[in-house]
Amino acid sequence: MEHGERHAAEGFLEFAAPRLVPDPSGVIMERHRPYPSPHPYHHHASIEINFLHDCAMEYSFSGQTVRLEPGHPTMFWGAAPHKVIRVEGDGRIVNFYVSLAQFFRWSLPLDFIDALLSGAVVTNARAARIDQLLFDRWADDCASDDPKLRALMVEELANRVRRMALEDWSLLRGGASGPNALAGKGRSMLHVETMLRFISDNFTAPITVTDVAEHAGLSPRYAMTLFKRVMGVPIKEHLNQVRVTHACALLAGTDRKILTVAMDSGYRSLSCFYEAFGAHHPVTPAEYRRRVRQPRAALAMAH
């Protein structure tokens, strides 16, 4: 657990939770019985989606209490310091953590995005019985070893959020207030979104941090500072995460040579690719391919 700084404005201890920040195309899932947290407030650079079964729960957002009811999907931007302070009933919670990069790719209405990124806690106003089945199934899918099943789960979760954004959603906690606060946050998030989209569209080309910053109309120094503050990782690290994730898909799903995979993932040389891949995986690309394909081969032989 990494301890951060004291939340000066409110006087609360808080710490960053990097384990709750998934890679750009993945989702982190937790399923457990909720309980009041004995730890300080925590924050994470990811969107949190919660669903409660047979219990209610209260969060504190730097001292402001928000009550979550069972059966209502609830979302918020995890950069706001928060902790569980009360649980009613003996139930369970399913938590999904979605990267900001992936969240932007879901093409949600602007008012919905603005509410979340301004610090609001958003919930589906009407409970739907099918959500109980869906969130349990998605939790099972997310825990699966099948990458295709996990990818399908992410798309289904995205569609559920899209439906939520189009239906009767409401705020359990408002976001930043005042034109200056909203305008400042809006400009910052617009810059970050522009950088994320540029990386998503161009990561297979040999782009640099300077290219990303210039596309957003920012100096490299300011772009790096802003991106790190919002996303929790530097631009270069995020770019490598996207490239390595793409390379893993190519290694698992194609027979392309390692050099071709490296070039098709945006790396100029094998040495750069091996260095980046080694920072994210404890095995070489060739060994990764072998390990991923081994269970599939065994399953095919069994049939």
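The structure this text deals with has already been given above.
Residues numbered from 1 in each chain as written. Predicted model: local features only at pLDDT ≥ 70, side-chain atom pairs only at ≥ 80, totals over all residues. Heavy atoms only, no water.

Q: Residues and numbers for the nonpolar core, please.
A: Formed by 56 residues in total, the largest nonpolar core has its most connected members in Ile-49, Phe-96, Leu-100, Phe-103, Trp-106 and Met-195. Broken down by element, the residue count for this core peaks at 7 residues, all from helix H4 (residues 147-166). Residues Val-244, Ile-258, Val-261 and Tyr-288 belong to the second largest nonpolar core, which totals 14 residues. (Core = buried A, V, L, I, M, F, W, Y, C linked by side-chain atoms within 4.5 Å. Buried < 20%, exposed > 50% of the residue type's maximum accessible area, 1.4 Å probe, protein only. Helix = DSSP H or I, 4+ residues; strand = E, 2+ residues; numbered from the N terminus.)

Q: I'd like a description of the sheet that holds strand E10 (residues 92-99), backed by residues and values.
A: Adjacent strands of a sheet form backbone hydrogen bonds with each other and so pair up, either parallel or antiparallel. What the 6 strands build is an open sheet, ordered E3-E10-E5-E8-E11-E12; its pairing is antiparallel. The open sheet has two free edges, formed respectively by strand E3 (27-32) and strand E12 (169-173), since each of these has just one partner strand. Direction aside, the axes of adjacent strands within the sheet are offset by 20° on average. Pairing between strand E8 (residues 74-77) and strand E11 (residues 121-124): 3 bridges, direction antiparallel. Each bridged residue has a counterpart across the sheet, and for Thr-74 the counterpart in E11 is Thr-123. Against the sheet, helix H2 (residues 110-117) contacts strand E5 (46-53), E8, E11 and E12, and its axis sits at roughly 65° relative to E8. Strand contacts of helix H3 (residues 129-142): E3, E5 and E10, with the helix running at about 60° to E10, the strand carrying the most contacts. (Pairing = 2+ DSSP bridges. Axes fitted to C-alpha atoms, helices over the stretch in contact; angles between N-to-C directions. Contact = heavy atoms within 4.5 Å.)

Q: How would you summarise the environment of Phe-277 if you had to cite specific residues and measurements?
A: Tracing the chain through its elements places Phe-277 in helix H10 (residues 270-280). Remark: the alpha-carbon pair of Phe-277 and Ala-247, spanning 30 residues in sequence, is separated by 8.7 Å.

Q: Please set out the packing of helix H8 (residues 235-253) against H10 residue by residue, giving values where relevant.
A: Between H8 and H10, the shortest axis-to-axis distance is 10 Å and the interhelical angle comes to 95°. Put simply, H8 runs roughly perpendicular to H10. Contacts from Glu-237, Asn-240, Gln-241, Val-244, Ala-247, Cys-248 and Leu-251 of H8 reach H10 at Phe-273, Ala-276, Phe-277 and His-280. Here the residues of the contact of H8 with H10 are counted per class, giving 7 nonpolar, 3 polar and 1 charged. (Parallel < 35°, antiparallel > 145°, perpendicular 65-115°, else oblique. Nonpolar A, V, L, I, M, F, W, Y, C, P; charged D, E, K, R; others polar.)

Q: With reference to specific residues and values, describe a nonpolar patch on the surface.
A: Taken together, the side chains of Leu-259, Met-263, Leu-270 and Tyr-274 present a nonpolar region at the surface, about 330 Å² in accessible area. Where the nonpolar patch is concerned, the elements lending two or more residues are helix H9 (258-264) and H10. Its location among the elements puts Leu-259 in helix H9. (Patch = residues over 30% accessible without salt bridge, like charges linked within 9 Å, V, L, I, M, F, W, Y side chains within 5 Å. Areas by Shrake-Rupley, 256 points an atom, 1.4 Å probe, with all protein chains shown as cover. Salt bridge = Lys/Arg side-chain N within 4 Å of Asp/Glu carboxyl O.)

Q: Would you mind going over the sheet that holds strand E9 (residues 83-88) in detail, with residue names and values included?
A: Here 3 strands make up an open sheet; going across it, the order is E7-E6-E9 and the pairing antiparallel. Of all the strands in the sheet, just strand E7 (64-68) and E9 have a single pairing partner and so form its edges. Within the sheet, the average angular offset between the axes of one strand and its neighbour, ignoring direction, is 25°.

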